[in-house]
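What follows is each chain in one-letter form.
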Amino acid sequence: MRIATLDATTLEACLSAAVAAPSFFNTQPWRYRLEPDTVTLEVRAAPERSLRHADPVGRALHVSVGASVFNLRVAAVHFGWSPVVRLLPGPEDPGLLATVRLTAPAHRNTVKHRADLYPAIWRRHSSRMPFSDRPVPPPVRAELAEAAHAEGALLAFPGPTDTAHLLAEHRNRADADRGTESRRWLHPDADDPADIGLPRSVLGPQDTREHIPMRDFTAERHPERLHAQDFETTPVIALLTTEHDRRTDWLRAGEALEHVLLVATAHGLRASLLHQPMEWPDLRRDLSPVPDHTGHAQMLMRLGYGPEGPATPRRAARVVPDTESSG
């Protein structure tokens, strides 16, 4: 017997949690369809919100959708359901990236995450502001690594990073097509902001010393003109990797990423994503774990204690009609 019913209020709450996930340039490249007979949510790609130059093969799109799927799982458990997830369930339907079937009840021994992650969904925001130099305690690092492992990924904390990460940002600034694409997803701050993309108020400053390659979403060719502040001198950088590099691995990487970010939020940590080197095949390959370079880098993230980042806008949570589901 179900301990909860998927009424309209619960469905809206689950979808609101799903769309609160992070996405590349806040493109929110997902849409949802409910199959009421089986209480199954289909999670589909929204290809019109993909990035042709920065994400030509759709890896970042899949990572974003994977993060959304994880939030759906957390919300489902919160409302008493046990979610059964299938990734890429229909080879004949490549736009269908996942299904989340809700069964009941949710037993504690089947839940693979902390019980307090649902409220963390609403507190998690990317923070592109300077952090303090307060270290992240080893037990917290270990729990973050366990969160990634629970989703089939690995999280490591490499030593001091080299200039490759900074080089990636320099490359982005020099690439006219990427610059145009990046600026297309920016919009002015306004009383009625767009529901996708990035308002300028969330961009944050650059690092005065250029030790941390904070993304310049304006693609400014002259970085000395950008607002800059002193960032932490010893940044905590985490590297998320998967054993393979298939579409399913990209989706699992997204689930692992969001699991890590929500656990970090529960511990009072802030995070920002350093995706630039993931966009260049040679730099991404260089980030593979050493010494044998097995595994595939999926995300770099910067963690620390500091100000909460401002929230980015979200599209209204809704289930698309059947006529839109294949678009």
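Residues numbered from 1 in each chain as written. Predicted model: local features only at pLDDT ≥ 70, side-chain atom pairs only at ≥ 80, totals over all residues. Heavy atoms only, no water.

> Any chance you could explain the overall build of the chain here in plain terms?
Across its full length, the chain holds eight helices and twelve strands. Taken over 327 residues, the chain has a buried fraction of 52%. A fraction of 76% describes how many contacts in the chain between residues 6 or more apart in sequence connect residues 24 or more apart. Split by element, the accessible area of the chain, about 14,900 Å² in all, is 54% carbon and sulfur. (Helix = DSSP H or I, 4+ residues; strand = E, 2+ residues; numbered from the N terminus. Buried < 20%, exposed > 50% of the residue type's maximum accessible area, 1.4 Å probe, protein only. Contact = heavy atoms within 4.5 Å. Areas by Shrake-Rupley, 256 points an atom, 1.4 Å probe, with all protein chains shown as cover.)

> Please explain helix α7 (residues 247–266) as it appears in this structure.
Each α-helix winds once per 3.6 residues, and so residues spaced three or four apart point in a common direction. The end-to-end C-alpha distance of α7, which contains 20 residues, comes to 29 Å, matching closely the 28 Å that a straight helix rising 1.5 Å per residue would cover. For α7, the tally of buried residues reaches 17 of 20 residues, placing the bulk of the element in the interior. Positive backbone phi, at 80 degrees, marks Gly-268, one or two positions downstream of α7. (Expected span 1.5 Å × (residues − 1).)

> Can you walk me through the sheet that holds strand β4 (residues 96–103) in this structure?
The strands making up a sheet associate through hydrogen bonds between their backbones, and the pairing can be parallel or antiparallel. Ordered in space as β1-β2-β4-β3, the four strands form an open sheet in which the pairing is antiparallel. At either margin of the open sheet sits one strand with a lone partner, and together these are β1 (30–35) and β3 (82–87). Across the sheet, the mean angle from the axis of one strand to that of its neighbour is 20 degrees, orientation sign disregarded. Inspection of the sheet shows strand β2 (residues 40–45) paired to β4 by five bridges, in the antiparallel sense. (Pairing = 2+ DSSP bridges. Axes fitted to C-alpha atoms, helices over the stretch in contact; angles between N-to-C directions.)

> Sorry if this is basic, but what is going on with helix α6 (residues 176–184) here?
Along α6, the residues that are buried comprise Arg-178, Gly-179, Glu-181 and Ser-182. Seen from one end, α6 has its buried residues packed into an arc of 165 degrees, which puts them on one side. Residues of α6 that are exposed and angled more than 90 degrees away from the buried face: Thr-180 and Arg-184. Between the side-chain oxygen at the start of α6 and the backbone nitrogen of Asp-177 there is a gap of 3.1 Å, and the oxygen is on Asp-175. (Arc of directions from axis to C-beta. Polar contact = N/O pair within 3.5 Å; in protein donor to acceptor, adjacent residues only side chain to side chain.)

> Hey, could you run me through the pairing of strand β12 (residues 296–304) in this one?
Remember that side chains alternate between the two faces of the sheet whenever the strand is regular. Among the nine residues of β12, eight are classified as buried, and the element is accordingly described as predominantly covered. With seven bridges joining them, strand β10 (residues 236–242) and β12 adopt antiparallel strand pairing. Its bridge partner being in β12, Val-236 is matched across the sheet by Leu-303.

> Can you walk me through the sheet that holds strand β11 (residues 270–273) in this structure?
Ordered in space as β5-β10-β12-β11, the four strands form an open sheet in which the pairing is antiparallel. The strands lining the two open edges of the sheet, one partner per strand, are β5 (154–156) and β11. In this sheet, adjacent strand axes meet at a mean angle of 30 degrees when their direction is disregarded. Contacting β5, β10 and β12, helix α4 (residues 138–150) runs over the sheet at an angle of about 155 degrees to β5.

> Would you mind going over the packing of aromatic side chains with me for this structure?
Think of a pair of aromatic rings as described by two things: how far the centres are apart, and how the planes are tilted against each other in angle. Inspection of every chain in the model, using the stated rule, returns four aromatic pairs. Measuring from ring centre to ring centre gives 5.3 Å for Phe-25 and Phe-217, while their planes differ by 75 degrees; the resulting arrangement is edge-to-face. Placement of Phe-25 in the loop between α1 (8–19) and β1 and of Phe-217 in the loop between β8 (206–207) and β9 (228–229) is noted, with a sequence separation of 192 residues between them. Exposure remark for Phe-25: the relative accessible area of 5% places this residue in the buried category. (Phe/Tyr/Trp six-rings, centres within 6.5 Å; stacked < 30°, edge-to-face > 60°.)

> Honestly, the packing of α1 against helix α2 (residues 59–78) in this entry has me stumped. Any pointers?
For any two helices packed against each other, the geometry comes down to the angle between their axes and how far apart the axes lie. Their axes nearest at 7 Å, the elements α1 and α2 cross at an angle of 145 degrees. Relative to α2, α1 is oriented so that their crossing is right-handed. Listed contacts from α2 to Cys-14, Ala-17 and Ala-18 of α1 are Ser-68, Asn-71, Leu-72, Ala-75 and Ala-76. (Left-handed = near helix turned anticlockwise from the far one by under 90°.)

> I keep staring at the confidence of the model for the chain and nothing clicks. Help me out?
Parts of the prediction with low pLDDT should not have their coordinates interpreted in detail. Summary statistics for the chain give a mean pLDDT of 87 and a share of 87% for residues scoring 70 or more. Confidence drops under a pLDDT of 50 for residues 321–327, and excluding neighbours within four residues, the segment shows ten contacts in the predicted structure. (pLDDT = per-residue confidence, 0-100.)

> Is there a simple way to think about the packing of α2 against α7 in this case?
Here α2 crosses α7 at 55 degrees, and the two axes come no closer than 6 Å. The orientation of α2 with respect to α7, classified from their angle, is oblique. Between α2 and α7 the crossing geometry is right-handed. Counted together, Arg-59, His-62, Val-63, Val-65, Gly-66, Ala-67, Val-69, Phe-70, Asn-71, Arg-73 and Val-74 of α2 and Arg-247, Trp-250, Leu-251, Ala-253, Gly-254, Glu-255, Leu-257, Glu-258, His-259 and Leu-262 of α7 form the full contact between these two elements. (Parallel < 35°, antiparallel > 145°, perpendicular 65-115°, else oblique.)

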